[in-house]
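# Coordinate analysis (summary)
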Amino acid sequence: MKLSVLFDDIFPTICRYSGPTVHFVDEQFDTGRTLAQRVVPVLADDTPEQLAARVLHEEHHVYVDAVAALCEDRIVWREDGVPLIRTQTNPDAYA
């Protein structure tokens with residue numbers, strides 16, 4: 001089965017969201033602790049290229065935001081390991 005057929009027929013029906021994840025690097029591929037994620041909706045008429053472009057756009061923003069939050073010590077780790085990022089303007093609010 002061609003990738004385009006797989007994407008066109010199956011992906012939009014089972015996946016409603018995609019998006020980039022920023023995580024720490026460890027010894028394995030894509031297994032480091034998650035630092036930040038963004039959600040990108042999968043649209044019914046998306047092509048793989050359209051979805052990839054929207055994910056890449058969000059990826060450019062989430063990397064900058066995550067690195068800034070890390071450098072500014074604005075990340076709080078919940079007991080279950082989920083990161084919360086404090087906003088720059090209000091240390092009691094989360095982005």
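None of these values were measured; they are calculated from a predicted model. Residue indices follow the written sequence of each chain, beginning from 1 at its first position. Where totals are concerned, whole chains, interfaces and linings use all residues; where local detail is concerned, this predicted model gives features only for residues with pLDDT of at least 70, and gives and counts side-chain atom pairs only at 80 or more. Side-chain measures here rest on the full set of heavy atoms in the structure, leaving out hydrogens and waters.

### Describing the packing of aromatic side chains
Note the cut-off: We call Phe, Tyr and Trp rings a pair once their centres come within 6.5 Å, taking the six-membered ring for Trp, and we label the pair stacked below 30 degrees between planes, edge-to-face above 60, and tilted otherwise. We call a charge positioned above a ring when the Lys NZ or Arg CZ atom is no farther than 6 Å from the ring centre and deviates by at most 35 degrees from the ring normal.
Under the counting rule described, the total for this entry stands at one aromatic pair. The side chain of Arg 33 reaches across the aromatic face of Trp 77, ending 3.8 Å from its centre.

### Comments concerning the side chain of Asp 46
What counts here: What counts as a helix is a DSSP run of H or I of at least four residues, what counts as a strand is a run of E of at least two, and both are numbered from the N terminus. We call a residue buried when its accessible area falls under 20% of the maximum for its residue type, exposed when it is over 50%, and partly exposed in between, using a 1.4 Å probe and counting protein chains only. In protein, a polar contact means a hydrogen-donor-capable atom and an acceptor-capable atom, both N or O and within 3.5 Å, with residues adjacent in sequence counting only if both atoms are side-chain atoms; elsewhere, any N or O pair within 3.5 Å suffices.
Considering the arrangement of structural elements, one finds Asp 46 in the loop between strand E4 (40-41) and helix H3 (48-71). By relative accessible area, which is 5% here, Asp 46 ends up buried. Among the polar contacts listed, one links the side chain of Asp 46 to the backbone nitrogen of Leu 43, at a separation of 2.9 Å. At a separation of 2.7 Å, a polar atom in the side chain of Asp 46 contacts the side chain of Arg 54.

### Points about the environment of Thr 31
Rule in force here: Only heavy atoms enter the contact rule, under which two residues are in contact if any of them lie within 4.5 Å.
Position of Thr 31 relative to the elements: it lies in the loop between strand E2 (21-23) and strand E3 (34-37). Each residue touching Thr 31, except ones within four places of it in the same chain, is listed here: His 23 and Asp 26. Within the structure, Thr 31 has its side chain in polar contact with the side chain of Asp 26 (distance 2.8 Å).

### Regarding the nonpolar core
Quick note on the threshold: The term nonpolar core refers to a set of buried residues drawn from Ala, Val, Leu, Ile, Met, Phe, Trp, Tyr and Cys, joined through side-chain atoms within 4.5 Å.
Core analysis: the biggest nonpolar cluster contains eight residues, these being Val 22, Leu 35, Ala 36, Val 62, Ala 66, Ala 69, Ile 75 and Ile 85. Contributing elements (two or more residues each) for this core: E3 and H3. Top contributing element to this core by residue count: H3, with three residues. For Ile 85, the contacting residues outside a window of four places in its chain are Leu 35, Ala 36, Ala 69, Arg 74, Ile 75, Ala 93, Tyr 94 and Ala 95.

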